[in-house]
Amino acid sequence: MDDINLHYRFRNWRRRIREIREVRAVRYRERLKRMLRDGDILRYHGNSDEVGCFVASRPLSKRNRYFEVTIVDTGVRGMIAVGLVPQLYKLDHQPGWLPNSVAFHADDGKLYNGNTVGQQFGPKCCRGDKIGCGISLDSEDGQITVFFTKNDSEVGSVDIAASPDALYPAVGMHSLGEEVLLDLNAEWGVEEDDGQMIVDSHEEDWARLHDVKVTDTLLEYVGKGKSIVDVGLAQARRPLNTRFHYYELEITDAGEKCYIALGLARRDYPEQRHPGWSRGSIAYHADDGKLFHGSGVGDPFGPRCFEGDIMGCGIMFPRDFNPNDADDKDDWDADMGPKPSEVQNDWIAYYGDEEEEEEEGEDVEGRKVTVFFTRNGKVVGRREVVLPAGGFYPTIGMMSTGEKVRVDLHPLSG
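These numbers were taken from a predicted model, which means no experiment stands behind them.

1. Focus: the overall build of the protein chain
A tally of helices and strands in the protein chain yields two helices and 28 strands. Here the protein chain holds 414 residues, and the buried ones make up 48% of them. Taken as a whole, the protein chain presents about 19,800 Å² of accessible surface, with 46% of it coming from carbon and sulfur.

2. What about unusual backbone geometry?
Look at S48: it is not a glycine, yet its phi comes out positive at around 75 degrees. Tracing the sequence through the fold places S48 in the loop between strand 3 (41-44) and strand 4 (52-55). Its identity is not glycine, yet N376 carries a phi of approximately 50 degrees, on the positive side. Looking at the secondary structure, you find N376 in the loop between strand 25 (368-375) and strand 26 (378-386).

3. Concerning the packing of aromatic side chains
For any pair of aromatic rings, the description rests on two quantities: the centre-to-centre distance and the angle between the ring planes. One pass over the full model with this rule turns up ten aromatic pairs. When the centroid spacing of 5.9 Å and the interplanar angle of 10 degrees are considered together, the rings of Y66 and F147 count as stacked. Taken together, the positions of Y66 in strand 5 (residues 66-74) and F147 in strand 11 (residues 144-150) put the pair 81 residues apart, joining distant regions of the chain. Given the relative accessible area of 3%, F147 is considered buried. Aromatic pair Y246 and F372: ring centres 5.8 Å apart, planes at 5 degrees, arrangement stacked. Of this pair, Y246 sits in strand 19 (residues 246-254) while F372 sits in strand 25, placing them 126 residues apart in sequence. Side by side, Y246 and F372 carry an identical accessibility label, which is buried. Following the ring pairs from residue to residue traces out a cluster consisting of Y66, F147 and W188.

4. Side note on the sheet that holds strand 8 (residues 110-113)
Taken together, the seven strands give an open sheet; going across it, the order is 1-4-13-6-7-8-9, and neighbouring strands pair in antiparallel fashion. Where the open sheet ends on each side, the last strands, each with one partner, are strand 1 (31-33) and strand 9 (119-120). Both strand 7 (residues 102-105) and strand 8 contribute to a ladder of three bridges, which runs antiparallel. Note on strand 8: the bridge partner recorded for F104 is L111.

5. Quick notes on the nonpolar core
By size, the foremost hydrophobic cluster in this structure holds 38 residues, and its most contacted members are L219 and V371. Residue contributions to this core peak at four residues, all from strand 19. The contacts of V371, once residues within four sequence positions are left out, are L264, I282, C313, G314, I315, G381, R382, R383, V385 and F392. M35, I71, V102 and M173 belong to the second largest nonpolar core, which has 32 residues in total.

6. A look at the pairing of strand 20 (residues 261-265)
Of all five residues in strand 20, five are buried, a share of seventy percent or more. Burial along strand 20 is two-sided: A261, G263 and A265 and L262 and L264, pointing in opposite directions, are all buried. Bridge analysis of strand 20 against strand 21 (residues 281-285) gives five bridges, and the strand direction is antiparallel. If you follow L264 over to strand 21, its bridge partner there is I282. Judged from the five bridges that link them, strand 20 and strand 27 (residues 393-398) form a sheet pairing that is antiparallel. Bridge pairing in strand 27 links L262 to I396.

7. Details of the confidence of the model for the protein chain
Low-confidence regions, as indicated by low pLDDT, have predicted coordinates that should not be scrutinised in detail. Residues of the protein chain with pLDDT of at least 70 account for 79%, and the chain-wide mean is 83. The low-confidence segment residues 191-201 (pLDDT under 50) makes ten contacts with residues lying over four places distant or belonging to another chain. Throughout residues 326-358 the model reports pLDDT below 50, and contacts reaching past four residues in sequence, or to other chains, amount to 53 contacts.

8. As for the sheet that holds strand 28 (residues 403-408)
The strand order across the open sheet formed by seven strands is 16-17-28-19-24-25-26, and the pairing between neighbours is antiparallel. The sheet is open, and its two borders are formed by strand 16 (212-215) and strand 26, each paired with just one other strand. Put simply, the sheet's adjacent strands are angled 25 degrees from each other on average, direction ignored. The sheet contact formed by strand 25 and strand 26 spans eight bridges and is antiparallel.

9. Looking at the pattern of salt bridges
For the structure on display, the rule yields 13 salt bridges. Among the ionic pairs, D320 bridges to R367, the shortest N-O distance being 2.5 Å. You can see D320 sitting in the loop between strand 24 (310-316) and strand 25 and its partner R367 sitting in the loop between strand 24 and strand 25, a full 47 residues away along the chain. According to the relative accessible area criterion, D320 is exposed, its value standing at 57%. A residue is classified by how much of its surface remains accessible, and R367, at 32% relative accessible area, is partly exposed.

10. Re the environment of D40
By the secondary structure assignment, D40 is in the loop between strand 2 (35-38) and strand 3. Accessibility expressed as a relative area gives 38% for D40, which makes it partly exposed. Taking C-alpha positions, D40 is 9.7 Å from D253, a pair spaced 213 residues apart along the chain. Leave out the neighbours within four places in its chain, and D40 touches V180, L181 and L182.

Cut-offs applied
Residues numbered from 1 in each chain as written. Predicted model: local features only at pLDDT ≥ 70, side-chain atom pairs only at ≥ 80, totals over all residues. Heavy atoms only, no water. Helix = DSSP H or I, 4+ residues; strand = E, 2+ residues; numbered from the N terminus. Buried < 20%, exposed > 50% of the residue type's maximum accessible area, 1.4 Å probe, protein only. Areas by Shrake-Rupley, 256 points an atom, 1.4 Å probe, with all protein chains shown as cover. Phe/Tyr/Trp six-rings, centres within 6.5 Å; stacked < 30°, edge-to-face > 60°. Pairing = 2+ DSSP bridges. Core = buried A, V, L, I, M, F, W, Y, C linked by side-chain atoms within 4.5 Å. Contact = heavy atoms within 4.5 Å. pLDDT = per-residue confidence, 0-100. Axes fitted to C-alpha atoms, helices over the stretch in contact; angles between N-to-C directions. Salt bridge = Lys/Arg side-chain N within 4 Å of Asp/Glu carboxyl O.

So, in structure tokens, the structure goes:
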């Protein structure tokens, strides 16, 4: 009967995840026409008689409120526009030309605000210049202040009637040879109190960060990336539980080798070990599609993952699971490190100490739960594992230069 109930619940969760992913697949899909994108580079791919336009996959928000474009080549006429548009904006029009859009145009320095006739706004821009666009934090409901920058100096601002989730970063081009470098994760005003509060609020989501930089919901690997000890590790402050039992990451940059791992680990997991390599952990690895469960040798599990893919991990708790059975004394809210007396000896995994050997293998004693993994909304597979004392904490590993992921610790909430 328990197996039947588990199968029924698992099937419902697969349906729930699929529905959410289908909605996001429509909502979070970048659009472009007469343009080519190569990583962060956008190039005009038309005949100069037609406009090319790019619209990002996600809108600006009060947590991700700014983006930048660096002009690599002005081409024949330098008709490059940077601004904000609705999601379904017509891609054969420059940003700012149609209603509910606004943009700063590099060729004439004018601001176009829902009209094909621009108003003098700032200086013209040429090769090497960096144009930024963002929304102010003090914007009120129904009214948004959009500002523009050039080379890290504010050019000006304009108030428009819109909500933040309706404004998508956009870039327009209109002549041969035009090329820009796009940075959708750029920061503006992080030195200010409000900006610093945003960064800090997300740093507080993570209990441990080793060779990983946090910017809003983005995690970036900043380690050496030279050997297997150069692991970048991010571990969440709180374990998964019966209320928040699933999380996801989106690979925004695969880096050199896409050595990205998503999984769960005990609280005292060693920071120089990829998730899944040591006891008390399990992880799905993007580079080879293997599942690692307390061992440096993985098992074939699912497809490899690449830039743009969304990986997910969750726990199916038994119906009779009692959260109070977990080690309540081990709470990150206390802002204290793990207490040696509360760590089971057979779970201690230390890397690099000549006096101790790394202990691998699966735990055999304790309450069992079902851990499952997803890729782009589809369940890849599941594994029954022992839940460590204190719970399983969302843990992400990276190990090659340039790797970046965007994390959502509560995608099923709300």
